[in-house]
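Architecture at a glance
So the chains spell out like this:
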Protein chains: 2
Amino acid sequence: MANAKRGRPVQYDREQALQRASDLFWSAGFAATSLDDLSAATQMTRPSLAGAFGDKEALYIAALTRYRDASVDAMREILSGKRLLRTELADVLRKATDVYMASADAARGCMLIGTASVEAVHRPAVRRVLQESLGAFNAVLEERIRKAIADGELDPEADATGLASVASAIMHSLAVRARAGEPRDALDKLSDAALDLICGKRP
Amino acid sequence: MANAKRGRPVQYDREQALQRASDLFWSAGFAATSLDDLSAATQMTRPSLAGAFGDKEALYIAALTRYRDASVDAMREILSGKRLLRTELADVLRKATDVYMASADAARGCMLIGTASVEAVHRPAVRRVLQESLGAFNAVLEERIRKAIADGELDPEADATGLASVASAIMHSLAVRARAGEPRDALDKLSDAALDLICGKRP
DNA sequence: ATCTTTTTATGCGAGATCGAATAAAAATGG
DNA sequence: CCATTTTTATTCGATCTCGCATAAAAAGAT
């Protein structure tokens, strides 16, 4: 019979390596992060990196995908539909801002918007991941907004698609502005204004 | 007496060189654009580039600043106040989308949002330009919205600061989505939905 | 016409980057 | 205990990157 798993066992933890690689990509971007940087951060030699993930772009895409999946899951969990849309949406925006400004030094914004956008023009694979990801976030928002319309929290005539795209836009802007160094309260003001427009001004 | 202008006259056109350099930075980003690329595109040798603009980052900042000034001027011109806010704002969003999707191949979005965001984390000078620029665009929008409130086109209770930040957010999102490869009509739908929210749904 | 000044042109060199190729190590199978 | 397989470790080489240093060219000043 053939095998179970022969050969020398891997020493690295794939998830942990992806996490460390993501940190570098997230703050410096794809182009400014070298394989040596990644090798040092993951404590994997370059041949090991190549064997585990392929070339630099493949590693970057794996990091992006992992980030996206975790973020979409987190968003979906907050938008569970158990509370008011306004409450849940405020929570999404606040938690997103937390993540975008989490870094000890300069804020890093959203990894997709902050680092994948540049590469999207000349790297179709990155562009595809970015576009799919924007669509995934938007879809979660739109679904939740449809529920709010059905529940009567929003005007039955409301345009769920349009409102979702505006809500997405607010997140895109939070990501950009965080990375530009805007202070927390400016981001919160944007979120509040957007909530008033999307959900109706609160009394 | 000292001089008028001695020495060999410059052969390059500074504006044209900045234009060509901007094209490269805009599509590939700062990190992925080499001095050799810039030298070839501007038809200036590297020492000439260094003499005229300083190092690569200084050239990039000059390109960003020029782009920003031209864009702010264009926006201010459209938001002249001669027409309805809704009409002028629709014009701003449409023309911005035109620019963001102008490229023959992959759309390049906004040069500031698409390329300066990545660098902003590790390059304070770039971060400063980006933050100032976002503020400049926002200020033009806010001023025009204040006028609309004074003119009675918008509710006198409307929050000009908040509405301006939402309008800015729409532009940020248009920039990101263009670079992500979203189709024109998706961007136009976002603009329409935003106009309905900001200016009030049209009858 | 010669000198001075400023720009352009060419090339050098230290350092980094990335992929691949080769050798050593660690596990299983017979 | 030896062979096979898979990962890890080290190294090399081709290319790119960027700043600088030196030489040539083009203009004004005297």
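The residue count restarts for each chain, going from 1 along the sequence in the order it is written. Starting at A for chains and at 1 for ligands, labels are handed out in the order in which the entities are written. A pLDDT threshold of at least 70 governs which residues receive local features in this predicted model, and a stricter bar of 80 or more applies before side-chain atom pairs are shown or counted, although totals over entire chains, interfaces and linings include all residues. Hydrogens and water are ignored here; the side-chain numbers use all heavy atoms of the structure.

Where helices and strands are cited, they refer to DSSP runs of H or I of at least four residues and of E of at least two residues respectively, numbered from the N terminus. Broken down by element type, chain A carries nine helices and zero strands. Considering only C-alpha atoms, chain A reaches an extent of 65 × 45 × 30 Å along its principal axes. Partly exposed describes any residue whose relative accessible area lies between the buried limit of under 20% and the exposed limit of over 50%, with all areas from a 1.4 Å probe on protein chains only and scaled to the type maximum. Scored against the burial criterion, the 203 residues of chain A give a buried share of 50%. Pairs of residues are marked as contacts when any of their non-hydrogen atoms sit within 4.5 Å. Within chain A, contacts between residues at least 6 apart in sequence are counted, and of these 65% link residues at least 24 apart. Only the protein chains shown count as cover for residues, and all accessible areas are computed by the Shrake-Rupley method using a 1.4 Å probe. Accessible surface, chain A: about 9700 Å² in total, of which carbon and sulfur atoms supply 52%. In chain A, 28 positive and 28 negative side-chain charges are present, and the distance between their average locations comes to 5 Å. Asp and Glu are treated as the negative residues and Lys and Arg as the positive ones, with His and the ends of the chain left uncounted. Charge placement uses NZ in Lys and CZ in Arg. For Asp and Glu, CG and CD serve respectively.

Rotating chain A by 180° and translating it 0.0 Å along the rotation axis places it on chain B, where the RMSD comes to 0.0 Å. Here the two chains are linked by the operation of a two-fold rotation axis. The overlap is high: 100% of the interface residues of chain A also sit at the interface in chain B, so the same surface is used on both sides. To superpose the copies, least squares is applied to the C-alpha atoms of every residue with a pLDDT of at least 70 in both.

Take the interface of chain A and chain B next. Of the residues lining the interface, 42 residues belong to chain A; the matching set on chain B comes to 42 residues. Summed over both partners, the interface of chain A with chain B buries about 3400 Å², with 69% contributed by carbon and sulfur atoms. Here the quantity called buried area is the total loss of accessible area, with a 1.4 Å probe, experienced by two parts when brought into contact, counted for both. On the chain A side of the interface with chain B, the three residues burying the most area are Val118(A), Val121(A) and Leu197(A), jointly 17% of the side's total. We count a salt bridge whenever a side-chain nitrogen from Lys or Arg sits within 4 Å of a carboxyl oxygen from Asp or Glu. Connecting chain A to chain B are zero salt bridges. For the side of chain A that touches chain B, the elements supplying multiple residues, two or more each, are helix H1 (14–28), helix H6 (111–120), helix H7 (124–151), helix H8 (160–179) and helix H9 (184–199) of chain A. With twelve residues, H8(A) is the single largest residue contributor to the side of chain A that touches chain B. Per-class residue counts for the side of chain A that touches chain B are 23 nonpolar, 14 polar and five charged. The residue classification treats Ala, Val, Leu, Ile, Met, Phe, Trp, Tyr, Cys and Pro as nonpolar and Asp, Glu, Lys and Arg as charged. All others, Gly included, are polar.

So, on to H8(A). All names here are of chain A. Helix span is expected to be 1.5 Å times the residue number reduced by one. The end-to-end C-alpha separation of H8 is 29 Å, in line with the 28 Å expected for 20 residues at 1.5 Å each. Counted residue by residue, H8 has 19 buried out of 20 residues, so it is predominantly covered. In protein, a polar contact means a hydrogen-donor-capable atom and an acceptor-capable atom, both N or O and within 3.5 Å, with residues adjacent in sequence counting only if both atoms are side-chain atoms; elsewhere, any N or O pair within 3.5 Å suffices. Capping of H8 at its N-terminal end is provided by Asp-159; its side-chain oxygen lies 3.3 Å from the backbone amide nitrogen of Thr-161. Once H8 finishes, Gly-181 follows within two positions and takes phi at roughly 95°, a positive value.

This part takes up the environment of Val166(B). Looking at the secondary structure, you find Val166(B) in helix H8 (residues 160–179). Assessed through its relative accessible area of 3%, Val166(B) is described here as buried. Residues Val166(B) and Leu197(B) lie 31 residues apart in sequence; the distance between their C-alpha atoms is 9.7 Å. Apart from residues lying up to four places away in sequence, Val166(B) is in contact with Ile170(A), Leu190(A), Ala193(A), Ala194(A), Leu197(A) and Ile198(B).

Here the focus is empty space enclosed by the protein. Empty space among the atoms can be located by rolling a probe the size of a water molecule over them. Any residue with an atom within 4 Å of a point lines the site, the site being either a cavity, points on a 1 Å grid over the protein atoms alone where a 1.4 Å probe fits but cannot get out, or a pocket, an open set with protein on both sides within 12 Å along at least 5 of 7 lines. Grid points are joined across faces, edges and corners, and a volume is the space filled by probe spheres set on the points. Across all of its chains, the model carries two cavities of 30 Å³ or more by this definition. One number sums up the size of the largest cavity: a volume of about 60 Å³. For the largest cavity, the lining is made up of 14 residues, of which Ala31(A), Glu119(A), Ala31(B), Val118(B) and Glu119(B) are closest to its centre. When residues of the lining of the largest cavity are traced back to their parent elements, those giving at least two are H6 of chain A together with helix H6 (111–120) of chain B. Its boundaries defined by the atoms lining it, the second largest cavity holds a volume of some 40 Å³. What lines the second largest cavity is simply Met75(B), Leu89(B), Val92(B), Leu93(B), Leu141(B), Ala167(B), Met171(B), Ala194(B), Leu195(B) and Ile198(B). Of all elements in the fold, only helix H5 (85–100), H8 and helix H9 (184–199) of chain B reach the threshold of two or more residues within the lining of the second largest cavity. Residues that form the lining of the second largest cavity fall into these classes: ten nonpolar, no polar and no charged.

Moving on, we get to the pattern of salt bridges. For the structure on display, the rule yields 32 salt bridges over all chains. As a salt-bridge pair, Arg184(A) and Asp188(A) come within 3.3 Å of each other at their nearest N and O atoms. Of this pair, Arg184(A) and Asp188(A) both sit in helix H9, separated by four residues, roughly a single helical turn. Among the residues examined, Asp188(A) registers a relative accessible area of 27% and is labelled partly exposed. Across the pair Glu88(B) and Arg144(B) runs a salt bridge, and its minimum N-O distance is 2.7 Å. With a gap of 56 residues between them, Glu88(B) in helix H5 and Arg144(B) in helix H7 (residues 124–151) connect regions that are remote in the sequence. Relative accessible area serves as the criterion here: at 0%, Glu88(B) is assigned to the buried category. Overlapping salt bridges bring together Arg83(A), Asp91(A), Arg94(A) and Lys95(A) as one network.

Residues and elements named next belong to chain A. Turning to its location among the elements, Glu-142 is positioned in helix H7. Looking at Glu-142, the relative accessible area reads 16%, which means it is buried. Those residues within four positions of Glu-142 in sequence are excluded, and the remaining contacts are Ala-160, Thr-161 and Ala-164.

The next subject is the nonpolar core. The nonpolar side chains of soluble globular proteins are, as a tendency, buried together. Counting residues in each nonpolar core, the largest one holds 131 residues, and the members touching the most others are Phe25(A), Tyr100(A), Phe25(B) and Tyr100(B). Each residue touching Tyr100(B), except ones within four places of it in the same chain, is listed here: Tyr67(B), Ala107(B), Arg108(B), Gly109(B), Cys110(B), Met171(B), Leu174(B), Ala175(B) and Ala178(B). Think of a nonpolar core as a cluster: buried Ala, Val, Leu, Ile, Met, Phe, Trp, Tyr and Cys residues, connected wherever their side-chain atoms sit within 4.5 Å.

To continue, consider the packing of aromatic side chains. All names here are of chain A. Aromatic rings from Phe, Tyr and Trp, with only the six-membered ring used for Trp, were paired whenever their centres fell within 6.5 Å, and each pair was classed as stacked if the ring planes differed by under 30 degrees, edge-to-face if by over 60, and tilted otherwise. On inspection of all chains with the given rule, the structure shows eight aromatic pairs over all chains. Ring centres of Phe-25 and Tyr-60 lie 4.9 Å apart, and the angle between their planes is 65°; this geometry places the pair in the edge-to-face category. Of this pair, Phe-25 sits in helix H1 while Tyr-60 sits in helix H4 (residues 56–78), placing them 35 residues apart in sequence. Counting every residue linked through ring pairs, the aromatic cluster contains Phe-25, Phe-30 and Tyr-60. By definition here, charges over rings are those cases where NZ of Lys or CZ of Arg is within 6 Å of the ring centre and within 35 degrees of the ring normal. Its guanidinium or amino end placed over the ring of Phe-30, Lys-56 lies 4.6 Å from that ring's centre, counting from NZ or CZ.

Fair warning: the whole summary comes from geometry, so function is off the table for now.
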